[in-house]
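# Understanding the architecture of this molecule
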Amino acid sequence: MVRRGASPVYGTGNHTAKGYIALNRLEEILAFNQKFVEGHEYEQYRTSKFPDKKLIILSCMDTRLTDLLPRAMNLKNGDAKFIKNAGAVISHPFGSTMRSILVAAYELGAEEVCVIGHYGCGMGSINPEAMFERMAEHGISRATIEMLEHAGIDLHTWFKRIESIPDSVRETVRTIRNHPLVPKTLTVHGLVMDPETGRLDLVVNGYESD
Ligand SMILES: [Zn+2]
């Protein structure tokens, strides 16, 4: 059996040839973490659980946005609630993304939401059939896929490609605004980010549109 995460981490100085111990990813994280805490490096990030800018950011999990997005928007630790998923979408009006928005609005004082999609999103080129083939390579049979679909779980729709990122952002903004539990005082904006430069294109101005 393959030990998960057992591959050595290269390029970080942990190579055995140099006399270091080869660490797997988890060990590397835990070793770094111990030093981080012992060195009190957390002090610069101290803040409260309440978003200082009363802002919720719903964005994509794309790795290019991890640091770029908050820096391009002048958001530091403590300024906003970040909710991320593949494509910056709300798949279900009573799923965990929508619940997070409601908790941020009612419990944590958030007053505005920015839904931020981005150009070149992986969800814009996803292909359910290709994904099912990759699942088959990992031992998940076609019969399992078909069984789930027969049980009413529409996997083709769940893994559906986003055809237009701006349209998807508009749709997500509408879903939030029209949600029966969302307060009318919550302002919802829609934007699309360039993952190279951080430039934001405005799709929905929540102060203007209804
Ligand atoms: Zn994306």
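Structure: see above.
Source: prediction; values computed, not measured.

Definitions and limits used
Residues numbered from 1 in each chain as written. Predicted model: local features only at pLDDT ≥ 70, side-chain atom pairs only at ≥ 80, totals over all residues. Core = buried A, V, L, I, M, F, W, Y, C linked by C-beta atoms within 7 Å. Buried ≥ 20, exposed ≤ 12 C-beta atoms within 10 Å, placed from the backbone. Helix = DSSP H or I, 4+ residues; strand = E, 2+ residues; numbered from the N terminus. Contact = placed C-beta atoms within 7 Å. Pairing = 2+ DSSP bridges. Axes fitted to C-alpha atoms, helices over the stretch in contact; angles between N-to-C directions. Right-handed = clockwise from strand over helix to strand, strands pointing away.

### Overview of the nonpolar core
- Ile56, Ile57, Leu58, Ile101, Val113, Val115 and Ile116 are the most contacted members of the largest nonpolar core, which totals 36 residues.
- With five residues, the top contributor of residues to this core is strand E1 (residues 55-60).
- Residues contacting valine 115, with those up to four places away along its chain left out, are Leu58, Ala88, Val169, Thr172, Val173, Val188, His189 and Gly190.

### Regarding the pairing of strand E4 (residues 187-193)
- Within E4, six of the seven residues are buried, which leaves the element mostly enclosed by the surrounding structure.
- Pairing geometry for strand E3 (residues 112-118) and E4, over seven bridges, is parallel. Its bridge partner lying in E4, glutamate 112 is registered against threonine 187.
- Pairing geometry for E4 and strand E5 (residues 200-204), over four bridges, is antiparallel. Residue pairing for E5: glycine 190 is matched across the bridge by valine 204.
- In this structure, the hairpin formed by E4 and E5 is closed by a connection of six residues, where glycine 198 is found at a positive phi of approximately 85 degrees.

### A closer look at the environment of arginine 174
- Take arginine 174: it is sitting in helix H7 (residues 165-177).
- Taking the number of C-beta atoms within 10 Å as the measure of exposure, arginine 174 has 15 and is therefore partly exposed.
- Taking the C-alpha atoms as reference points, arginine 174 and histidine 189, 15 residues apart in sequence, are found 9.9 Å from one another.

### Quick word on the sheet that holds E4
- Taken together, five strands build an open sheet; the order of strands is E2-E1-E3-E4-E5 and the sheet is mixed. Among the strands making up the open sheet, the edge pair consists of strand E2 (80-85) and E5. Neighbour-to-neighbour, the strand axes of this sheet turn through a mean angle of 25 degrees, independent of strand direction.
- Contacting E1, E3 and E4, helix H2 (residues 65-72) crosses the sheet at an angle of about 145 degrees to E1.

### Here's the deal with the pairing of E1
- Within E1, six of the six residues are buried, which leaves it mostly tucked inside the rest of the structure.
- Pairing of E1 with E2, which is carried by six bridges, proceeds in the parallel orientation. Within E2, the position partnered with serine 59 by the bridge is lysine 84.
- Chirality of the crossover, the property in question, places the unit of E1, H2 and E2 among those that are right-handed.
- Bridge count for E1 against E3 is five bridges, and the pairing is parallel. Its bridge partner being in E3, serine 59 is matched across the sheet by isoleucine 116.

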